[in-house]
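# Residue-level structure breakdown
One letter stands for each residue in the lines below.
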Amino acid sequence: MNTPICDFVKAYAESGALRLHMPGHKGVPLLGSEPLDITEIDGADSLFAPDGIIRQSEENASSLFGAHTFYSTEGSSLCIRAMLYLTALYAKEQGKRFRIAAGRNAHKAFLSAAALTDADILWLVPKESDSYLSCPLSAEDLEKVLSEEDEKPAAVYLTSPDYLGHTSDIASLAEVCRRHGVLLLVDNAHGAYLKFLSPSRHPLDLGADLCCDSAHKTLPALTGSAYLHISPSAPPLFAEQAKNALSLFGTTSPSYLILQSLDRCNAYLADGYAGKLARFLSEAGQAKDTLRKHGYILRGAEPLKVTVDAKPYGYRGTELASLLAEKGIVSEFADPDFLVLMLTPEIGRDGLARMTNALLSIPPKAPITVGPPAFHLPKQGMNLRKALFSPSEQVKASDSLGRMLAVVTVGCPPAVPIVVSGEVIDQDAVKVFAYYGIETCTVVKE
């Protein structure tokens, strides 16, 4: 597969041209990548109005994913905002109020997008979940919710895979959505590689209408590389307005280093990646089996994540992460209950063995039986948008009882809020804040 963006930039870097344009480094190395870092000069095309090399590269990506695929140099966060904007346009075209039913474990980018598009959110909260990071919604759960709603939401929004490696039954959930005339949007930030499994487990192939992938999370792409995918069967409005949606929230100075990364990734994916992935996943599966036999309990079905349920092994997730760090192994995420390790074929057999041996070297201890405090959906005291745009102040989490959350300030990872803007912080929430070490929060001024 050709790489039109990479080819253009390489030729320009080698041309010796005097760069009387941005950026200010003028191609002179400081970090080392500057010669390949350009702006939208003549011939370099324009990300949000492409008719040249970027358009060709996005068409290459579209052929790989079987979708209308568009690039983001600002991660899946930009794509999430674009997805909600497109859905808001669709709802208005249908003469409906913009309502969206969303899994409670949504990334905070979803909340900012909901506020900016003035969405009314119907939270989908499963009966049982062992972490606020997961939302195990079944087709039966969704059927019940949608059947009971007199005013159907314009769309259902799900996060799959989630941070702990759980994946939803997208095919069954998509069927429920179709039956009720509701769109399905999926935050697939952690699952770009799912397209290249056999058979594909990518949300678009399972029935989703809109989907975002963070290429940088599981593919060999630079941080900030992402895709917005639109199903060929989705309303035509989506593909027609996709660039407008992305440009509404995106920078006018997209990174050409990231665009080259996406462009080069196309060639990488087209050149035997599926086989390479299959071979690595076979080895990763064996490593997981070895860990289970040793006494580790692993959660989630996502192939490229190793999520350790730490307390049955006698440790907190944060303790396991520290022990691995002493051996030069850096984890993706850890909290009191879980340790998350993200794999890709790029770590190779040696990296896989290093991880496995390090975990096997940690002796089991008596299980820790104290779990996270119970948490229930807080009451809504104010519209999300109104709360987010209200005067606010920072207070100690221990002093926040009865206050309304203004701004979601949870860090990334995992960037999943416990309490959402406009919700009233109750005693359950205060206990959860303490459990996860959250010391301050931003509340609406009284």
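Residues numbered from 1 in each chain as written. Predicted model: local features only at pLDDT ≥ 70, side-chain atom pairs only at ≥ 80, totals over all residues. Heavy atoms only, no water.

What follows is about unusual backbone geometry. Trans peptide bonds make up the majority, and among non-glycine residues the majority have a negative phi. In this structure, the amide linkage connecting Ser-160 to the following residue, Pro-161, adopts the cis form with an omega of 0°. When you line up the elements, Pro-161 lands in the loop between β4 (155-159) and α6 (170-179). Residues other than glycine seldom take positive phi values, yet Lys-26 does so here, at roughly 60°. Positive phi is not limited to glycine here, since Ala-415 has a value of about 60°. Residue position: Ala-415 is located in the loop between β13 (405-407) and α14 (427-435). (Helix = DSSP H or I, 4+ residues; strand = E, 2+ residues; numbered from the N terminus.)

Turning next to the sheet that holds strand β8 (residues 298-299). Ordered in space as β8-β9-β11-β10, the four strands form an open sheet in which the pairing is antiparallel. Each of the sheet's edge strands pairs with one partner strand only, and the pair in question is β8 and β10 (333-334). (Pairing = 2+ DSSP bridges.)

The strand order β12-β14-β13 describes an open sheet built from three strands, whose pairing is antiparallel. The sheet is open, and its two edges are formed by β12 (392-396) and β13, each paired on a single side. With direction set aside, neighbouring strand axes in the sheet form an average angle of 60°. Strand direction decides the pairing type here: β13 and strand β14 (residues 440-444), joined by two bridges, are antiparallel. If you follow Val-407 over to β14, its bridge partner there is Thr-442. (Axes fitted to C-alpha atoms, helices over the stretch in contact; angles between N-to-C directions.)

Turning next to the pattern of salt bridges. Per the counting criterion, the structure on display carries 21 salt bridges. Close ionic contact of Lys-243 with Glu-58 constitutes a salt bridge, the shortest N to O distance being 2.8 Å. With Lys-243 in helix α8 (residues 236-249) and Glu-58 in helix α2 (residues 53-65), this residue pair connects regions lying 185 residues apart in the sequence. As far as the burial class goes, Lys-243 and Glu-58 line up, both buried. Of the charged contacts in the structure, one is a salt bridge between Arg-97 and Glu-151, with a shortest N-O distance of 2.6 Å. Within this pair, whereas Arg-97 is found in the loop between α3 (75-93) and β2 (99-103), its partner Glu-151 is found in the loop between α5 (139-148) and β4, the two being separated by 54 residues in sequence. Accessibility expressed as a relative area gives 44% for Arg-97, which makes it partly exposed. Overall, the relative accessible area of 31% leaves Glu-151 in the partly exposed class. (Salt bridge = Lys/Arg side-chain N within 4 Å of Asp/Glu carboxyl O. Buried < 20%, exposed > 50% of the residue type's maximum accessible area, 1.4 Å probe, protein only.)

Judged by nonpolar contacts, the single largest core of 122 residues is most densely connected at Ile-100, Phe-110, Tyr-157, Tyr-227 and Leu-269. Sorting elements by how many residues they give to this core places α3 first, with 10 residues. Among residues more than four places away in sequence, those in contact with Leu-269 are Leu-64, Phe-65, Phe-196, Leu-219 and Tyr-227. By size, the runner-up hydrophobic cluster in this structure holds 21 residues, among which are Leu-124, Val-156, Leu-158 and Val-176. (Core = buried A, V, L, I, M, F, W, Y, C linked by side-chain atoms within 4.5 Å. Contact = heavy atoms within 4.5 Å.)

A complete count under the given rule lists zero disulfides for this structure. With no disulfide of its own, Cys-6 lies closest to Cys-265 among cysteine sulfurs, the gap being 10 Å. Of the cysteine sulfurs around Cys-79, a residue in no disulfide, the closest is that of Cys-212, at 5.7 Å. Look at Cys-79 and you get buried, because its relative accessible area is 0%. (Disulfide = S-S within 2.5 Å.)

Purely spatial values, then, with no claim about function.
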